[in-house]
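# Reading the structure
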Amino acid sequence: MLAIAAAVVFGIAFLLDLLNADIGIGLTALIALGLCLLALHQAGIGTASVGNGGWRRGRVRR
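Here is a short report on the structure shown in this document. (Residues numbered from 1 in each chain as written. Predicted model: local features only at pLDDT ≥ 70, side-chain atom pairs only at ≥ 80, totals over all residues. Heavy atoms only, no water.)

## Remarks on the nonpolar core
To keep things clear, this is the line we draw: Working definition of a nonpolar core: buried Ala, Val, Leu, Ile, Met, Phe, Trp, Tyr and Cys residues. They are joined through side-chain atoms within 4.5 Å. Only protein chains enter the area calculation, which uses a 1.4 Å probe; residues under 20% of their type maximum are buried, those over 50% are exposed, and those in between are partly exposed. Secondary structure elements are taken from DSSP: a helix is a run of H or I of four residues or more, a strand is a run of E of two residues or more, and numbering for both begins at the N terminus. Contact criterion: two residues are considered in contact whenever any of their non-hydrogen atoms come within 4.5 Å of each other.
Counting seven residues, the largest nonpolar core consists of Leu 2, Ala 6, Val 9, Ala 13, Leu 16, Leu 30 and Leu 37. In terms of residue count, helix H1 (residues 2-19) provides more of this core than any other element does, five residues in total. Those residues in contact with Leu 2, other than ones at most four positions away along the chain, are Leu 37, Leu 40, His 41 and Ile 45.

## Here's the deal with helix H2 (residues 27-43)
We apply this condition: Expected helix span is taken as 1.5 Å per residue step, with the number of steps being one fewer than the number of residues. Working note: the arc is built from the helix axis to C-beta atom directions.
Given a rise of 1.5 Å per residue, 17 residues ought to cover 24 Å, and the 24 Å separating the end C-alpha atoms of H2 matches this to within 8%. Within the span of H2, buried status applies to Leu 30, Gly 34 and Leu 37. In a view along the axis of H2, the buried residues occupy a sector of 60°, so they form one face of it. For H2, the exposed residues lying more than 90 degrees away from the buried face are Thr 28, Gln 42 and Ala 43.

## Concerning the environment of Asp 22
Applicable threshold: Each polar contact in these results corresponds to two N or O atoms within 3.5 Å; when the atoms are within protein, one needs to be able to donate a hydrogen and the other to accept it, and residues that are neighboring in sequence are counted only if both atoms are side-chain atoms.
Take Asp 22: it is sitting in the loop between H1 and H2. Of note is the side chain of Asp 22, whose polar atom sits 3.3 Å from the backbone nitrogen of Gly 24.

## Observations concerning unusual backbone geometry
If you check the backbone angles, Asn 20 has positive phi at about 55° while not being a glycine. Looking at where Asn 20 falls in the secondary structure, it is placed in the loop between H1 and H2.

Just distances and angles here, no functional claims.
Written as structure tokens, this is what we have:
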């Protein structure tokens, strides 16, 4: 989910750069936000799904 949000932020930053638009926040800030979202995704934050009850659980061998 965070990777998708990062892709959206990068896409917005790219379009604003192409159009030379100014929305009050700098292009560098949008790129930093996208990189933070990608770092959180790589760290495993926000990857648990509701369908399997949260974090993955391994089998216990006896």
